[in-house]
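Structure at a glance
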Amino acid sequence: IWKFGAVALVGDTEVASALGKAWYLPLTSIQAARILGHSVDLSRLLTQRMNAMLRQSLDLALARFESRPIDAVVDLHRSVRVTRLTHLYLSEALPSIDPFEACLGEANDATAFLCFSSRALSHALTECLADLLPNFAYRSESNAFQRPLPTPFTQPPERDPPPRMLGAHLAYGTRQLNAEFAMHAARASGVFGAAHAEALVGVLGEAGVLSLLGTLSSHIEELLLYGLHAYVTELQQALPESIKLPS
């Protein structure tokens, strides 16, 4: 079912027509069936199964993000949008399915009342402090931060190992679609630009972005006061009292 959401996100009408009609609708329209003389509530069983698969898909997307640099937020945002579209299609046939925000909150560990932390926010903050700020350089011609060539002074931070793929259907639906979206993710790696910032806002939400910006602002202020201040002071003391420009 996820492939319908992935194709809808891309907006490729030719691929959508090739997929044909939603084959799962006749199956989900069956409310009950008699098996060996017993009545089985198929709608309830399918709803339970889809609730579990939605959470597994979102958990997989977050685990992949936690094992990669901050530029992978574009792929995370795309995965969440695909799962949201999939949930929308399923809710038309399974009206008692759990709300999407509830599934996302559970997978993201953001279910507590007035919770301002989550898996996505924690990893984004760690990557910004440990990798984006110290290791990326801003390039004005591309209006983006770009990772320079690796040097002994730019060691990548430790990250979680990549999750084991439990099935192609939990990502973008099929192996072919997974490979296609992986190429899109590869093109967005190594830089952090406007598209990455938009994806970060979409993933974290307003409260998460405010928390992230507040922490980054405090971190930069500490760097200026306790890090750069000592170097500037030593440089001022080393310079002569008066410097004459060459005539």
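Sequence order sets the numbering: in each chain, residues are counted from 1 along the sequence as written. This being a predicted model, a pLDDT of at least 70 is required before a residue's local features are given, and a value of 80 or more before pairs of side-chain atoms are given or counted; all residues contribute to the totals for chains, interfaces and linings. As a rule here, side-chain values come from all non-hydrogen atoms in the structure, and water together with hydrogens is ignored.

**So, the overall build of the chain**
Helix and strand counts for the chain come out as nine helices and five strands. Sequence separation of 24 or more characterises 66% of the internal contacts of the chain that already satisfy a separation of 6 or more. Every accessible area reported is derived by Shrake-Rupley at a probe size of 1.4 Å, with residue values counting cover from the shown protein chains alone. Accessible area of the chain: about 15500 Å², with a carbon and sulfur share of 60%. Per the convention used, a helix needs a DSSP run of H or I reaching at least four residues, while a strand needs a run of E reaching at least two, with both numbered from the N terminus. Residue contacts are counted whenever heavy atoms from the two residues lie within 4.5 Å of one another.

**A short note on the layout of surface pockets**
In this approach a probe as big as a water molecule rolls over the atoms, and the regions it shows empty are the leftover space. Here the term cavity refers to a set of points on a 1 Å grid, laid over the protein atoms alone, in which a 1.4 Å probe fits but cannot get out; the term pocket refers to an open set having protein on both sides within 12 Å along at least five of seven lines, with lining residues being those that place an atom within 4 Å of a point. Grid points are joined across faces, edges and corners, and a volume is the space filled by probe spheres set on the points. Considering only enclosed or pocket space, the largest pocket measures out at about 440 Å³ in volume. As for the largest pocket, its lining consists of 21 residues, and the residues nearest its centre are Leu104, Asn108, Ala110, Val203 and Leu204. Mapped onto the lining of the largest pocket, the elements with two or more residues apiece are helix 5 (73-93), helix 6 (100-107), helix 7 (119-135) and helix 9 (194-238). The dominant element in the lining of the largest pocket, judged by the number of residues it contributes, is helix 9, at five residues. Under the scheme applied here, ten amino acids are nonpolar (Ala, Val, Leu, Ile, Met, Phe, Trp, Tyr, Cys and Pro), four are charged (Asp, Glu, Lys and Arg), and all others, including Gly, are polar. For the lining of the largest pocket, the residue count by class is eleven nonpolar, seven polar and three charged.

**With respect to helix 9**
Helix span, as expected, comes to 1.5 Å for every residue beyond the first. Between its first and last C-alpha atoms helix 9 spans 41 Å; for 45 residues at 1.5 Å apiece the expected length is 66 Å, and the helix comes up short by more than 12%. The bend reported for a residue corresponds to the angle between axes fitted to the seven residues ending at that residue and the seven starting there. In helix 9, a bend of some 110 degrees at Gly205 exceeds every other bend along the element. The rule is simple: take the accessible area with a 1.4 Å probe, protein chains only, and divide by the maximum for that residue type; under 20% is buried, over 50% is exposed, in between is partly exposed. What helix 9 keeps buried is the set His196, Ala199, Leu200, Val203, Leu204, Gly208, Val209, Leu212 and Leu216. Against the buried residues of helix 9 lie helix 5, helix 7 and strand 5 (191-192).

**Overview of a nonpolar patch on the surface**
Patch members must show over 30% relative accessible area and no salt bridge, and they are joined within 9 Å when carrying like charges or within 5 Å when they are nonpolar side chains of Val, Leu, Ile, Met, Phe, Trp or Tyr. Basic side-chain nitrogens of Lys or Arg form a salt bridge, by our definition, when they fall within 4 Å of a carboxyl oxygen of Asp or Glu. Together, Leu133, Ile220, Leu224, Leu228, Tyr231 and Val232 make up an exposed nonpolar region whose accessible area comes to about 590 Å². Take Leu133: it is sitting in helix 7.

**With respect to the packing of helix 4 (residues 42-66) against helix 7**
One can describe the packing of helix 4 onto helix 7 by two numbers: an axis separation of 10 Å at closest approach and a directional angle of 10 degrees. Judged by the angle between their axes, helix 4 and helix 7 are roughly parallel. Helix 7 is crossed by helix 4, and the crossing has left-handed handedness. Seen from helix 4, the contacting residues are Asp59, Leu62, Ala63, Phe65 and Glu66; seen from helix 7, they are Arg119, Ala120, His123 and Ala124. Looking at the contact of helix 4 with helix 7 residue by residue, the classes come out as five nonpolar, one polar and three charged. Angular values range over 0 to 180 degrees, each being the angle between N-to-C directions of two axes fitted as lines to C-alpha atoms, with helices fitted over their stretch in contact. Orientation categories follow fixed angle ranges, with anything under 35 degrees roughly parallel, anything over 145 roughly antiparallel, 65 to 115 roughly perpendicular, and all other angles oblique. Definitions for this section: a left-handed crossing has its near helix turned counterclockwise from the far helix by less than a right angle. A right-handed crossing has that turn clockwise.

**With respect to the sheet that holds strand 4 (residues 144-146)**
Here the rule is simple: two strands pair whenever DSSP picks up at least two bridges between them. In spatial order, the strands read 3-4-5; together these three strands make up an open sheet with antiparallel pairing. Among the strands making up the open sheet, the edge pair consists of strand 3 (137-139) and strand 5. In this sheet, strand 4 lies alongside strand 3 in antiparallel orientation, the contact comprising three bridges. Bridge pairing in strand 4 places Ala137 opposite Gln146.

**Details of the nonpolar core**
Here the nonpolar core consists of buried residues drawn from Ala, Val, Leu, Ile, Met, Phe, Trp, Tyr and Cys, with membership extended through side-chain atoms lying within 4.5 Å. Core analysis: the largest hydrophobic core is formed by 37 residues, its most contacted members being Leu58, Ile70, Val73, Leu76, Leu200, Leu204 and Leu212. For this core, the secondary structure elements donating two or more residues are helix 4, helix 5, helix 6, helix 7 and helix 9. Among the elements that line this core, the one with the most residues is helix 4, at eight residues. Other than its neighbours up to four places away in sequence, Leu76 contacts Ala61, Leu62, Phe65, Ala120 and Val203. Of all hydrophobic cores here, the second largest spans five residues; its members include Val82, Ala171, Tyr172 and Leu177.

**Details of the environment of Ala168**
Turning to its location among the elements, Ala168 is positioned in the loop between strand 4 and helix 8 (175-187). Discounting chain neighbours no more than four positions away, the residues touching Ala168 are Gly173, Thr174, Arg175 and Asn178.

**Thoughts on unusual backbone geometry**
Negative phi characterises most residues that are not glycine, and trans characterises most peptide bonds. Although it is not a glycine, Asn143 sits at a positive phi angle of roughly 55 degrees. In this structure, Asn143 sits in the loop between strand 3 and strand 4. When its relative accessible area of 54% is taken as the criterion, Asn143 is described as exposed.

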